[in-house]
Structures are given as structure tokens and as C-alpha cells.
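Residue-level structural notes
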Amino acid sequence: MASELAVSENLAQEDSLKAENARFAIVLLLVAEIMFFGALVGMYIVLRLSAENWMPPLFAETALGLPLVNTGVLVLSGLFMLLGSRAVREEGRLGLVCWLGLTLLCGAVFAAVQYFEFSRLLEEGLALNNIFGTVFYTMAGLHALHVAGGVLLLSYVICRAIGGKYRPGRRIGVDLALYYWLMVVLVWIFFFVILYIL
């Protein structure tokens, strides 16, 4: 009996150590991502301040349509992700799967709409051969790739959630997905403001 208890305690300590290592790793990843996106903002500032003509005429008006709605979809996905995280802490496996599924759906919709928006802007003449177009497609495109990566991560987490791998004491995968997804949402809100409005 005592040996079984000792083995159980050792396994719990190993799980705790793995979770702390995973949290440390995601913090390092998020710091690197923030530095990466910070470099893109630095590029934006330098190029915007040095350009005589920055934004094409009437471009800011496009922000009030589909891009604004798409931003709302991504923000909503962040709320769904938070609700999924809360569900796993309350032992709600079905709620976790549902909230994560809605997060994934919103992320996929956001990425698809971004692709549609890029295609539409290219057809309307916002090409890569001017400074604004280059900066816009670089920043928004790299962000869209991060959303696609987040959708893949969410797919993996959902599969594990369906298999019952997460519970209040073992939710590190959900936590890591939460941190990454919220970073993606917050970066887009900032990018939306500087790319479409300022």
C-alpha cells in the first residue's frame, strides 16, 4: 500500500514538472512571437514615417466592412477559448470540446475571410509593388499563418479532449493553446488598428 502511494506521488510530481516545463516553453515561444511581431511593427513605423504617400485613397473605408466583422469573429474566438479553459477546470469535458470546437471554427472562418479579403484587395489594385501593400500583406499574411497554426494546435487539443485527456489537474495542453490563441487575438487587434485605421 505504501509503495503504491509513493509511486502515485512520484507520477504526480513528474506530471507537475512536465506541466511547469511546458508552461516555461510556451512563455519562451510567446516572448519570441512578441519580438517577431514587434519587429513587424518596427518595420511598419520606419516605412510609414519614410513614405510620402502611405495608404491608398479610400482604403481605410474598407475597414468598416468585412475586416471589422472578421476582427469580431476572432475576438469572439478568444472568448470561446476562455470558456473552454474554464470548462476544463470545472470538469466539463463536453463543454471543453464544444468551446474549443467553436474557437476552431471561428479561427478557420477568420483565416478563410482573410484569404478572400487578400484576393479582393489584389483585384482592386492593392498590389505588392508599393510600400503600403508590401507592409499590409506581410503583416496580415504572417498573422494569418499564425492563425492557421493555431487552428492546427486546436485540432490536436480537441482530439485529446475527446479522448478524455484533460481534467482539472491535467489541463496543460488546454492552457498552452489558450496562451497562444489569446496572443494571436491580441496581436490582430493591434494590427487591425494600425493597418486599417491609422
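As a reminder, the structure under discussion sits directly above these lines.
Residues numbered from 1 in each chain as written. Predicted model: local features only at pLDDT ≥ 70, side-chain atom pairs only at ≥ 80, totals over all residues. Heavy atoms only, no water.

Okay, the overall build of the protein chain next. Broken down by element type, the protein chain carries five helices and zero strands. If you list the helices and strands of the protein chain from N to C, you get α-α-α-α-α. Once the C-alpha set of the protein chain is aligned to its principal axes, its extents read approximately 75 × 30 × 20 Å. Split into buried and exposed, the 198 residues of the protein chain put 37% on the buried side. In the protein chain, 80% of the contacts between residues at least 6 apart in sequence involve partners at least 24 apart. For the protein chain, the computed accessible surface area is about 11,000 Å², with 70% contributed by carbon and sulfur atoms. Taking the average location of the 12 positive side-chain charges in the protein chain and that of its 14 negative ones, the two points are 7 Å from each other. (Helix = DSSP H or I, 4+ residues; strand = E, 2+ residues; numbered from the N terminus. Buried < 20%, exposed > 50% of the residue type's maximum accessible area, 1.4 Å probe, protein only. Contact = heavy atoms within 4.5 Å. Areas by Shrake-Rupley, 256 points an atom, 1.4 Å probe, with all protein chains shown as cover. Lys, Arg positive; Asp, Glu negative; His and termini not counted. Charge placed at Lys NZ, Arg CZ, Asp CG, Glu CD.)

Our focus in this paragraph is the packing of helix α4 (residues 131–162) against helix α5 (residues 172–197). The geometry of α4 relative to α5 is characterised by a closest axis approach of 10 Å and an angle of 160 degrees between their N-to-C directions. Compared by their axis directions, α4 and α5 come out roughly antiparallel. Two packed elements cross with a definite hand, and for α4 against α5 that hand is left-handed. Partitioning the contact of α4 with α5 into residue classes produces 21 nonpolar, four polar and no charged. (Axes fitted to C-alpha atoms, helices over the stretch in contact; angles between N-to-C directions. Parallel < 35°, antiparallel > 145°, perpendicular 65-115°, else oblique. Left-handed = near helix turned anticlockwise from the far one by under 90°. Nonpolar A, V, L, I, M, F, W, Y, C, P; charged D, E, K, R; others polar.)

Before going further, it helps to spend a moment on the packing of helix α2 (residues 66–89) against helix α3 (residues 93–123). With their axes 8 Å apart at the nearest point, α2 and α3 run at an angle of 160 degrees to one another. The pairing of α2 with α3 is recorded here as roughly antiparallel in orientation. Two packed elements cross with a definite hand, and for α2 against α3 that hand is left-handed. When its residues are assigned to classes, the contact of α2 with α3 shows 18 nonpolar, six polar and one charged.

What the largest pocket holds in volume is close to 280 Å³. Lining the largest pocket are 15 residues, and of these Ala-19, Gly-169, Arg-170, Arg-171 and Ile-172 sit closest to its centre. Those elements that provide at least two residues to the lining of the largest pocket are α1 (2–50) and α5. No other element matches the five residues that α1 contributes to the lining of the largest pocket. When the residues that make up the lining of the largest pocket are grouped by side-chain class, the tally is four nonpolar, three polar and eight charged. (1 Å grid on protein atoms, 1.4 Å probe; cavity = no way out; pocket = protein on both sides within 12 Å on 5 of 7 lines; lining within 4 Å. Points joined across faces, edges and corners; volume = space filled by probe spheres on them.)

Looking now at α4. In a regular helix each residue adds 1.5 Å, so 32 residues correspond to 46 Å; α4 covers 46 Å between its end C-alpha atoms and thus fits that length. N-cap assignment for α4: the residue whose side-chain oxygen lies 3.2 Å from the backbone N of Phe-132 is Asn-130. Directly beyond the C-terminal end of α4, a positive phi value near 75 degrees is found at Gly-164. (Expected span 1.5 Å × (residues − 1). Polar contact = N/O pair within 3.5 Å; in protein donor to acceptor, adjacent residues only side chain to side chain.)

Our next topic: a nonpolar patch on the surface. Among the surface-exposed residues, Val-75, Leu-186, Ile-189, Val-193, Ile-197 and Leu-198 lie close enough to one another that they form a single nonpolar patch of about 500 Å² accessible area. For Ile-189, a relative accessible area of 35% gives the class partly exposed. (Patch = residues over 30% accessible without salt bridge, like charges linked within 9 Å, V, L, I, M, F, W, Y side chains within 5 Å. Salt bridge = Lys/Arg side-chain N within 4 Å of Asp/Glu carboxyl O.)

This next bit is on the packing of aromatic side chains. One pass over the full model with this rule turns up twelve aromatic pairs. Summarising the aromatic geometry, the rings of Trp-54 and Phe-132 are spaced 5.4 Å apart at their centres and angled 90 degrees between planes, so their arrangement reads as edge-to-face. On the criterion of sequence distance, the pair formed by Trp-54 in the loop between α1 and α2 and Phe-132 in helix α4 is long-range, its members being 78 residues apart. Like Phe-132, Trp-54 is buried. Aromatic pair Phe-136 and Tyr-137: ring centres 5.4 Å apart, planes at 75 degrees, arrangement edge-to-face. By the ring-pair criterion, three or more aromatic residues cluster together here, those being Tyr-44, Trp-54, Phe-118, Phe-132, Phe-136, Tyr-137, Phe-192 and Tyr-196. (Phe/Tyr/Trp six-rings, centres within 6.5 Å; stacked < 30°, edge-to-face > 60°.)

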